[in-house]
Amino acid sequence: ILNSCLLFTLAEHDDRTAPFRNRKGRGPKGRSFDRSRRDRQRGSHSGGFGGPGPRSRLLEDTDGDVTMSDSSQDSSSQNRYKPYGRPSRKEDGRFDRDRQQGKGVERGRGRGLPGGGSSGLRGGLRGRLSWFKIPHGRKYEKKWLITALQNICTVQYTPVQYHVDHNRAHFYVEDSAAAYALRRCSHKITDSDGYKVEVHVNPSNPPSFLQSDLKPEDLEHLKQCMAKRFDGSQQALDLNNIRTDPDLVSQNIEVILNRKTNMEAVIKIIEENIPELACLNLSNNRIHKLDDLTDLTTKVPNLKALNLSQNELKTDRELDKLKGLKLVELWLSRNPLCDLFKDQAARISHDESVFPLVSCQDGHDLPPPIGFDVETPTAIPPCKGSCFGSDEIKSLILRFLQQYYRIYDSENRQPLLDAYHDGASLSITTPYTSQNPSRSSLGEYYKDSRNLKRIKDTTMRFRLLKHTRLNVVAFLNELPKTQHDIASFTVDVNTYTNTLLSFTVSGVFKEVVVDGKSRESTMAFSRVFITVPAGNSGLCIVNDQLFIRMATTEEIRRAFVAPAPTPSSSPVPTLTAPQQEMLTAFSLKSGMNLEWSQKCLQDNEWDFNRAAQIFTQLKAEGKIPDVAFIK
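Residues numbered from 1 in each chain as written. Predicted model: local features only at pLDDT ≥ 70, side-chain atom pairs only at ≥ 80, totals over all residues. Heavy atoms only, no water.

Draft legend 1. Main features of the layout of surface pockets. Its boundaries defined by the atoms lining it, the largest pocket holds a volume of some 1200 Å³. Taken together, 42 residues make up the lining of the largest pocket; nearest its centre are Ala487, Ser488, Phe489, Thr490 and Arg558. Counting only elements with at least two residues in the lining of the largest pocket, the list comes to α14 (391–408), β17 (490–496), β18 (501–511), β19 (522–534), β20 (538–550), α18 (553–558) and α21 (608–620). Element by element, the count of residues in the lining of the largest pocket is highest for α14, at four residues. Residue composition of the lining of the largest pocket, by class: 21 nonpolar, 10 polar and 11 charged. The two domains that each donate at least three residues to the lining of the largest pocket are domain 3 (391–558) and domain 4 (577–628). (1 Å grid on protein atoms, 1.4 Å probe; cavity = no way out; pocket = protein on both sides within 12 Å on 5 of 7 lines; lining within 4 Å. Points joined across faces, edges and corners; volume = space filled by probe spheres on them. Helix = DSSP H or I, 4+ residues; strand = E, 2+ residues; numbered from the N terminus. Nonpolar A, V, L, I, M, F, W, Y, C, P; charged D, E, K, R; others polar. Domains from an automatic or database assignment.)

This is the structure in structure tokens:
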């Protein structure tokens, strides 16, 4: 049994907010809110598991995660449940109030908590567990978030019990070194919307799920009790109100299925003894979360009927945690979540969206659903990169992009006047946010953003459009100087006729110099060009739509790592006759133009066979940009 642990917080942040401050003026208001909410909870329940008095929210939590609620722990809590943080009867509510006011970070200064400096953090975490909390973590996929943290964390660690509560996600790690390393990952991960993920650390006592509630002899009595409740002819197990079972009560054994350890013990007994179970009745067990039932999808794969009636499920999101089950019958009556649906049709629609095979709801047969008879699931094909339609269009677009971005990334963008039509128009857009983006790396672009979710006024929408090529290029000249990673470009042709070509180009870039300072931020863009033919083999832009966002962690990792950089414009050294012959032969065999072929041969000291081997390897890995093949 572990002695202590630490609470971490991972939040969504995009450099648009000021550093965390202790909002002292809101303390009394927070306390008043918590106290009234606690009183309402006390008034809405009666009885309890451990004796008279109001039922504590602590007893309802499946994993001891009491500090994540707004309620307080009262005196009816059992001794073996300990709230996180300092031992106090009202610790639960107080910790939550302090966390809401920012004290979860600030009050730790000088005591080894986050914000007290690296040395204090190391001292405060030594020999303790660490608990991460992500206030907006519901929006992230578990695999993405854990992988992103592990990729940049300098210490190997294993996350324990990743789970989501409201909008927050939580997990534990085991040692102080990992805690300190993960604390330093704050603001170093960028999601697909350009938001930063920040990490906070807070201390807490060991979560209850690490403490074994049931002794070996208790588990044996529970197994015998479940055997009596099992109907072999129907492959059905009735665990209705199991906490009051006389056989368990007579042995002074308390089995409460909203405790994680208790539910895990039940599922383990089912897995080991009745894996073919088809019907499971968990009604009237005060279950308010279904996180601990997710293992049913793999450990009880034949489960067809599940009774969760007369429990305390409050949101329909809880059912999403059981999506893997192929349920045919489902009971949810007398749960608070049933009141969320405006009528029975809405309830039926929701249940069928989560469990498509459901044909019986609360004991009533449902009308057959309307669907498609697809025998085998169809997977979405993997991304294939650029799509041009034909080699002719590919050559035309790549030549245009190479010329366009050579000028765009130069000191003077004025020559871009030749690329735009006299009546051209341009708009720029950044991701929508309700926060002030002035502190963000996107601040330079946000003020001209024409995001329709932000700009409601039609007059302002029109004013943010840049009309005529003079205004367009003048605006582009005012934007920060950039360097685009040509190798990261992907192109998709949208429309192609004899008189019009529309295509989208996406990739990454970085700002080179801003106010004499180098900026490290890498950004991603998506740009739609609508063009018309110009001359014999050129394009003229009539509409330009530019979308800019912060690059994701994966995009940053892969940016500007092409093995062969764009050839420089420095004078080409004179080649000997054998080198000229080798260059011509290599260009012919590889398909690359002379400039890139020469670069490849020079990098390999004019060893034809080694250069050919390196070229074959890089081409197979997709690391040679398309511009290398434009002749």
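Draft legend 2. How the structure looks around unusual backbone geometry. In this model, Asn241 sits at a positive phi of 50°, which is unusual for a non-glycine residue. Along the chain, Asn241 falls in the loop between β8 (236–238) and α9 (246–250). A positive phi angle, close to 55°, is found at Glu605, a residue other than glycine. Mapped onto the elements, Glu605 comes out in the loop between α20 (594–603) and α21.

Draft legend 3. Expanded view of the confidence of the model for the protein. In this model, the protein carries a mean pLDDT of 74, and residues with pLDDT of at least 70 account for 69%. Residue range residues 1–7 is modelled with pLDDT below 50. Its contacts to residues more than four positions away, or to other chains, number 39 contacts. Throughout residues 564–573 the model reports pLDDT below 50, and contacts reaching past four residues in sequence, or to other chains, amount to 10 contacts. (pLDDT = per-residue confidence, 0-100. Contact = heavy atoms within 4.5 Å.)

Draft legend 4. Spatial organisation of helix α17 (residues 468–478). Of all the positions in α17, only Val472, Val473, Phe475 and Leu476 are classed as buried. One side of α17 holds all its buried residues, which, seen down the axis, span an arc of 155°. Turned more than 90 degrees away from the buried face of α17 sit Leu470 and Glu478, all of them exposed. Contacts from the buried residues of α17 go to α14, β14 (420–429), β15 (466–467) and β19. (Buried < 20%, exposed > 50% of the residue type's maximum accessible area, 1.4 Å probe, protein only. Arc of directions from axis to C-beta.)

Draft legend 5. Looking closely at the sheet that holds strand β10 (residues 305–307). The strand order β7-β8-β9-β10-β11-β12-β13 describes an open sheet built from seven strands, whose pairing is mixed. The strands lining the two open edges of the sheet, one partner per strand, are β7 (230–231) and β13 (364–365). Here β10 runs beside strand β11 (residues 329–331); their pairing, made up of three bridges, is parallel. Bridging across to β11, Asn307 finds its partner in Trp331. (Pairing = 2+ DSSP bridges.)

Draft legend 6. Inspection of the environment of Ile267 at higher detail. Positionally, Ile267 belongs in helix α10 (residues 260–273). Ile267 sits in the buried class, given a relative accessible area of 4%. Separated by 32 residues in the primary sequence, Ile267 and Lys299 have C-alpha atoms spaced 7.7 Å apart. Non-local contacts of Ile267, meaning those with residues more than four positions away in its chain, are made with Asp292, Leu293, Leu296 and Lys299.

Draft legend 7. Molecular detail of the side chain of Asp448. With respect to the secondary-structure elements, Asp448 resides in the loop between α15 (443–446) and α16 (458–463). With sequence-adjacent residues up to four places away left out, Asp448 is seen in contact with Ile428, Leu464, Lys466 and Phe475.

Draft legend 8. Inspection of the packing of aromatic side chains at higher detail. All chains considered together, the criterion is met by 17 aromatic pairs. With a centroid separation of 5.2 Å and an interplanar angle of 75°, the aromatic rings of Tyr404 and Tyr405 are classed as edge-to-face. You'll find Tyr404 and Tyr405 in the same group, each marked buried. Of the aromatic side chains, those joined through ring pairs into one cluster are Phe400, Tyr404, Tyr405, Tyr408, Tyr420, Phe489, Phe503, Phe509, Phe525 and Phe529. Between Arg413 and the ring centre of Tyr408, over which it is positioned, the NZ or CZ distance is 4.0 Å. (Phe/Tyr/Trp six-rings, centres within 6.5 Å; stacked < 30°, edge-to-face > 60°. Lys NZ or Arg CZ within 6 Å of the ring centre and 35° of its normal.)

Draft legend 9. Structural view of the pattern of salt bridges. Under the definition given, this model contains 19 salt bridges. In this structure, Lys466 and Asp448 form a salt bridge, with 4.0 Å as the shortest nitrogen-oxygen distance. Here the residue Lys466 occupies a position in strand β15, and Asp448 occupies one in the loop between α15 and α16, the gap between them amounting to 18 residues. In terms of burial, Lys466 and Asp448 fall into one category: buried. The salt bridge involving Arg557 is made with Glu554; its shortest N-O contact spans 2.5 Å. Here the residue Arg557 and the residue Glu554 both occupy positions in helix α18, the gap between them amounting to three residues, near one helical turn. Take Glu554: its relative accessible area is 35%, and that puts it in the partly exposed class. (Salt bridge = Lys/Arg side-chain N within 4 Å of Asp/Glu carboxyl O.)

Draft legend 10. Structural context of α14. Counted at 1.5 Å a residue, the expected span for α14 with its 18 residues is 26 Å, and the 25 Å between its end C-alpha atoms agrees. Within the span of α14, buried status applies to Ile393, Ile397, Leu398, Phe400, Leu401, Tyr404, Tyr405 and Tyr408. With its buried residues spanning 165° around the axis, α14 presents them on a single face. Relative to its buried face, α14 has exposed residues pointing more than 90 degrees away, namely Asp391, Glu392 and Arg406. (Expected span 1.5 Å × (residues − 1).)

Draft legend 11. Main features of the nonpolar core. Core analysis: the largest hydrophobic core is formed by 52 residues, its most contacted members being Leu401, Tyr404, Tyr420 and Leu476. Mapped onto the domain boundaries, this core takes at least three residues apiece from domain 3 (391–558) and domain 4 (577–628). For Leu476, the contacting residues outside a window of four places in its chain are Tyr404, Tyr408, Arg413, Leu416, Tyr420, Leu426 and Arg527. Counting residues in hydrophobic clusters, the runner-up holds 43 residues, among them Leu239, Leu280, Val300 and Leu332. (Core = buried A, V, L, I, M, F, W, Y, C linked by side-chain atoms within 4.5 Å.)

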